[in-house]
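# Structural features, examined
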Amino acid sequence: MKKRIFLLLSVIFLAGCTAPAEELSYRQVGMDEAVVMMEEESDYIILDVRTAEEYGERHIPGAVNIPNESIGTREIPELPDKEQLIFVYCRSGNRSKQASGKLAALGYTNIVEFGGINDWPGETTGAAVP
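In this section: the overall build of the protein. Scanning the protein for helices and strands turns up 4 helices and 5 strands. Order of helices (α) and strands (β) in the protein, N terminus to C terminus: α-β-α-β-α-β-β-α-β. Pairs at least 24 apart in sequence give 70% of the contacts found in the protein among residues at least 6 apart. Working note: accessible area of the protein is about 8300 Å², and carbon and sulfur atoms make up 55% of it.

Have a look at this one:
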């Protein structure tokens, strides 16, 4: 009987030590830190997870657009290297957090979520706003 209780307690303890799926890892950094990282790093992707319409209006030059809503359980052809550094942003930071979690669940290992274009201090490109 003591062995069964010990085994049961061990299983409960070990189950409590595992990270829930919601805690899959990606790094969250502030805008200033992201800008510095982009200046220091090379061979990275900037991923805009807003809608195609939002992307067309204004985006960071060179950013790849994959809307958050289209990131799911399937492989992403535009992001073939799951170890490549990927900087993720949206408009204000909510969708970029969601997308970063989904990318981590898909096996991407080098994700940096840095908020939204609303706080972007650098150059942007897109349709001219009247």
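Next comes the rest of the description.
Another point: the pairing of strand S4 (residues 85-90). Counting buried positions over the 6 residues of S4 gives 6, a clear majority of the element. Side-chain alternation along S4 places Leu-85, Phe-87 and Tyr-89 on one buried face and Ile-86, Val-88 and Cys-90 on a second face that is also buried. By the bridge criterion, 4 bridges tie S4 to strand S5 (residues 111-116) in an arrangement that is parallel. The residue bridging Ile-86 from the neighbouring strand is Ile-111, located in S5. Note on the crossover from S4 through helix H4 (residues 94-105) to S5: the handedness is right-handed.

When you tally the buried positions in strand S2 (residues 44-48), you get 4 out of 5 residues, the bulk of the element. Bridge analysis of S2 against S4 gives 5 bridges, and the strand direction is parallel. Among the inter-strand pairings, Ile-46 is bridged to a residue of S4, identified as Phe-87. As judged from the 2 bridges shared by S2 and strand S3 (residues 64-65), these two strands associate in the parallel manner. Counted as the bridge partner of Leu-47 is Val-64 from S3.

Parts of the model with low pLDDT should not have their predicted coordinates read in detail. For the protein, mean pLDDT is 87; residues scoring 70 or higher make up 79% of the total. Within the model, the stretch residues 6-22 combines pLDDT values under 50 with 0 contacts to residues more than four positions away or in other chains.

Moving on to the side chain of Arg-50. Within the element layout of this structure, Arg-50 appears in the loop between S2 and helix H3 (52-57). Within polar-contact distance, the side chain of Arg-50 engages the backbone oxygen of Glu-54 at 3.4 Å. Within the structure, Arg-50 has its side chain in polar contact with the backbone oxygen of Arg-58 (distance 2.4 Å). The contacts of Arg-50, once residues within four sequence positions are left out, are Tyr-55, Arg-58, His-59, Asn-65, Pro-67, Tyr-89, Cys-90, Arg-91, Arg-95 and Ile-117.

Tracing the chain through its elements places Ile-86 in strand S4. Residues Ile-86 and Ile-45 lie 41 residues apart in sequence; the distance between their C-alpha atoms is 4.8 Å. Once residues lying within four places of it in the same chain are set aside, the contact partners of Ile-86 are Ile-45, Leu-47, Leu-79, Tyr-108, Asn-110, Ile-111 and Val-112.

Once that is clear, we can look at the environment of Ala-127. Summarising the element assignment, Ala-127 is placed in the segment after S5. Residue Ala-127 is classed as partly exposed on the basis of its relative accessible area, which comes to 47%. In sequence terms Ala-127 and Glu-54 are 73 residues apart; their C-alpha atoms lie 9.9 Å from each other. Residues contacting Ala-127, with those up to four places away along its chain left out, are Gly-56 and Glu-57.

Reading the values: the criteria
Residues numbered from 1 in each chain as written. Predicted model: local features only at pLDDT ≥ 70, side-chain atom pairs only at ≥ 80, totals over all residues. Heavy atoms only, no water. Helix = DSSP H or I, 4+ residues; strand = E, 2+ residues; numbered from the N terminus. Contact = heavy atoms within 4.5 Å. Areas by Shrake-Rupley, 256 points an atom, 1.4 Å probe, with all protein chains shown as cover. Buried < 20%, exposed > 50% of the residue type's maximum accessible area, 1.4 Å probe, protein only. Pairing = 2+ DSSP bridges. Right-handed = clockwise from strand over helix to strand, strands pointing away. pLDDT = per-residue confidence, 0-100. Polar contact = N/O pair within 3.5 Å; in protein donor to acceptor, adjacent residues only side chain to side chain.

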